[in-house]
Structure formats: structure tokens, C-alpha cells
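One letter stands for each residue in the lines below.
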Amino acid sequence: DNEKTIDPQSIIHSLSIGDDATLIFKDKTNGIENELTVTNNSVYRMSAKSQLFFTHRIERDSISEDSFSRYSITLRAINRNNTRSTIILGDSNVKHIKFGKGRNTFGDAMPGAKKTAYHIHDINPSDCIGYCNAVLHVGINDLKDYSKGRREDDPAPDDIHSHFKNLTAKIEEIQTLTPHTRIHLSPVLPTGLITGVTTVFCPAVESSLHLWKKLLKKKYKTEHCCNVFMCRHHKLW
């Protein structure tokens, strides 16, 4: 059930026909097993994400080889375009990006979803489960002196190394939950205060951005083997 063509948000249904059998679900984190008896004409359902947390099998001891007769029909939502499934977690800079059908969307060729993450602490690694690509566009609000949604336990805006540590921790958690997902890091965009018809850039923030980019490049520029990629922009990198 871990085919890349499966819709990451879909539900998998299995119809059991014939003799009863014992279905075992094993938690991958602690090894705890739970049993489910599947009877004739019964249906059980699992999310596509569940296979990252559990393995499942039919208990062989519940089967009488001489007389046992059972068929299982499994229904999955499969589309070859799901090999490009993408989730974007980002701040207001990605608010106009749309998935789905119609004008000004990615269309059917790249199915996906978008989740708001104004700050690094807003990144929910479990949102990435099942997607082939995860784009992280976050960081600028953590580096500014004021940003709506900042928490008391967040590092100070100029504590770049602590922010970077928090981001790498989120990335590592994503890699643990969904090892096959490719993570794409988008560069933090310059920011400033718009005054009349001009934009005034804050030197302190721009200095923080320079160090932020330097840390990202040093750690991830050569780590494609870990499924982490830099989104390049010739003027920013």
C-alpha cells in the first residue's frame, strides 16, 4: 500500500469475502499489536497514511489450510499524477498558490495541498505524510522584530542559529515520518517596510537573512542524498 501513485489523502477500503480471519496491526514505533476479526462480507478501511505507522497482516494461525477459503478485494485511489503530489507549507508569500482544477492552479498534473505556516513552529511534519514532495517556504517572520503569531518561547529574532536548529529539527521529523518525501527548501525572501512608493529594507533583517542563507547552503546544498533540495533563485543564492 505504499505505491507513489496512491492519493495521499485517500482512504483505502478492503472487502473480505469468505471465511473469518484475524487481521493483525503492528505499531512500528513500539511493536504493540492489535487484532481485528474480518468476517464474511465485512469492510475495513485505512487511511493511505496509516502504512507509515502500522504494518498489517493476516494471522496464519487463524487459517485452516484444509478448508479455508477467503478473498480480499482492496480499493485504492490511484493516479499516476500522484507521483508528483506536493504539499506546500509556507507564509503569506504562497497565499496565491492554488492546487486543483481551473485557471491559475497547478491543475491535474500536480495534485497537492497547501498549509499555512507563518513561523517555523507552525510546520506540522505529519502534514507531509504520503506526499512525494514537500516545499517549505518559511523563516522570514521568525527573523523580524514583530510578527503576528510569535510565541513567547520562540528564539529572539536575531538568534539565527536557534531558528536554524528549529528548522532542521522539523526537517528531520519529516524525514522520520515519511522517508520517501523529497523536501524542497525555498529561500527566504527579502523584506522591508513600504513607505509611499519606496521600500525601505531593514539592515538588521537583511544581515540575518545573509547568515540564514549561509547556514542553509552549508548544511543542505550537498545533502541531496538525504532527500533535501535547495530551491534556487539566481538573485538570492
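Refer to the structure presented above.
A quick note: this is a predicted structure, and the numbers were derived from the prediction, not measured.

**Some points on the sheet that holds strand E6 (residues 70-75)**
(1) Moving on: An order of E4-E1-E6 is seen for the three strands of this open sheet, with the pairing classed as antiparallel. The sheet terminates laterally at strand E4 (42-47) and E6, the two strands that pair on one side only. The sheet shows a mean angle of 20 degrees between the axes of neighbouring strands, taken without regard to direction.

**Some points on the pattern of salt bridges**
(1) Moving on: Enumeration according to the criterion identifies two salt bridges in this entry.
(2) Moving on: Between Arg-57 and Glu-33 there is a salt bridge; the shortest N-O distance is 3.3 Å. One end of the pair, Arg-57, is in strand E5 (residues 54-58); the other, Glu-33, is in strand E3 (residues 33-38), and 24 residues separate them in sequence.
(3) Moving on: On the accessibility criterion, Arg-57 (37% relative accessible area) is partly exposed.
(4) Moving on: Note that Asp-153 is salt-bridged to Arg-151, the shortest N-O span being 3.4 Å.
(5) Moving on: What makes Arg-151 partly exposed here is its relative accessible area of 40%.

**Brief notes about the nonpolar core**
(1) Moving on: Ranked by size, the top nonpolar core spans 29 residues in total, and within it Leu-136, Leu-167, Ile-171, Leu-185, Trp-212, Leu-216 and Tyr-220 carry the most contacts.
(2) Moving on: At the level of secondary structure, the elements contributing two or more residues to this core comprise strand E7 (86-90), strand E9 (133-137), helix H1 (140-143), helix H2 (160-177), strand E10 (182-185), helix H3 (203-220) and strand E13 (228-230).
(3) Moving on: Top element by residues in this core is H3. It accounts for six residues.
(4) Moving on: In this structure Tyr-220 touches Phe-164, Thr-168, Ile-171, Leu-185, Val-228 and Met-230, once residues within four positions along its chain are discounted.
(5) Moving on: Counting six residues, the second largest nonpolar core, distinct from the first, contains Ala-21, Phe-25, Tyr-44 and Met-46.

**Focus: the packing of aromatic side chains**
(1) Moving on: Taken as a whole, this structure holds two aromatic pairs when the rule is applied.
(2) Moving on: Ring centres of Phe-99 and Phe-106 lie 4.9 Å apart, and the angle between their planes is 40 degrees; on these two criteria the pair is classed as tilted.
(3) Moving on: Given a relative accessible area of 37%, Phe-106 falls into the partly exposed group.
(4) Moving on: Ring centres of Phe-164 and Trp-212 lie 6.2 Å apart, and the angle between their planes is 90 degrees; this geometry places the pair in the edge-to-face category. Linking Phe-164 in helix H2 with Trp-212 in helix H3, this pair joins segments that are 48 residues apart in sequence. Across the pair, exposure class does not vary: Phe-164 and Trp-212 are buried alike.

**Quick notes on the sheet that holds E7**
Backbone hydrogen bonds hold the strands of a sheet together, and the pairing may be parallel or antiparallel.
(1) Moving on: The strand order across the open sheet formed by five strands is E8-E7-E9-E10-E13, and the pairing between neighbours is parallel. The open sheet is flanked by strand E8 (112-116) and E13, the only strands paired with a single partner. Averaged over all pairs of adjacent strands, the angle between their axes in this sheet comes to 20 degrees, without regard to strand direction.
(2) Moving on: Sheet topology places E10 next to E13; three bridges connect them, and they run parallel. Bridge assignment links His-184 to a residue of E13, and that residue is Phe-229.
(3) Moving on: Relative to the sheet, H2 contacts E9, E10 and E13, its axis offset from that of E10 by approximately 160 degrees.

Cut-offs and rules
All residue numbers refer to position in the chain's written sequence, counted from 1. Residues qualify for local features only when their pLDDT is at least 70, as the model is predicted, and side-chain atom pairs are given and counted only at 80 or more; totals for whole chains, interfaces and linings, by contrast, use all residues. As a rule here, side-chain values come from all non-hydrogen atoms in the structure, and water together with hydrogens is ignored. A pair of strands is labelled paired if DSSP reports no fewer than 2 bridges between them. Working definition: helices are DSSP H or I runs of at least four residues, strands are E runs of at least two. Numbering for both runs from the N terminus. The angle between two axes is taken between their N-to-C directions and runs from 0 to 180 degrees, where each axis is a line fitted to C-alpha atoms and a helix contributes only its stretch in contact. For salt bridges, the criterion is a side-chain nitrogen of Lys or Arg within 4 Å of an Asp or Glu carboxyl oxygen. A simple rule labels every residue: compare its accessible area, found with a 1.4 Å probe on the protein chains alone, to the largest value its type can have, and call it buried under 20%, exposed over 50%, or partly exposed in between. By convention a nonpolar core is built from buried Ala, Val, Leu, Ile, Met, Phe, Trp, Tyr and Cys residues, the set being connected through side-chain atoms within 4.5 Å. In this description, contact between two residues means that some pair of their heavy atoms is separated by no more than 4.5 Å. When two rings of Phe, Tyr or Trp (its six-membered ring) have centres within 6.5 Å they constitute a pair, described as stacked for plane angles under 30 degrees, edge-to-face for angles over 60, and tilted for the intermediate range.

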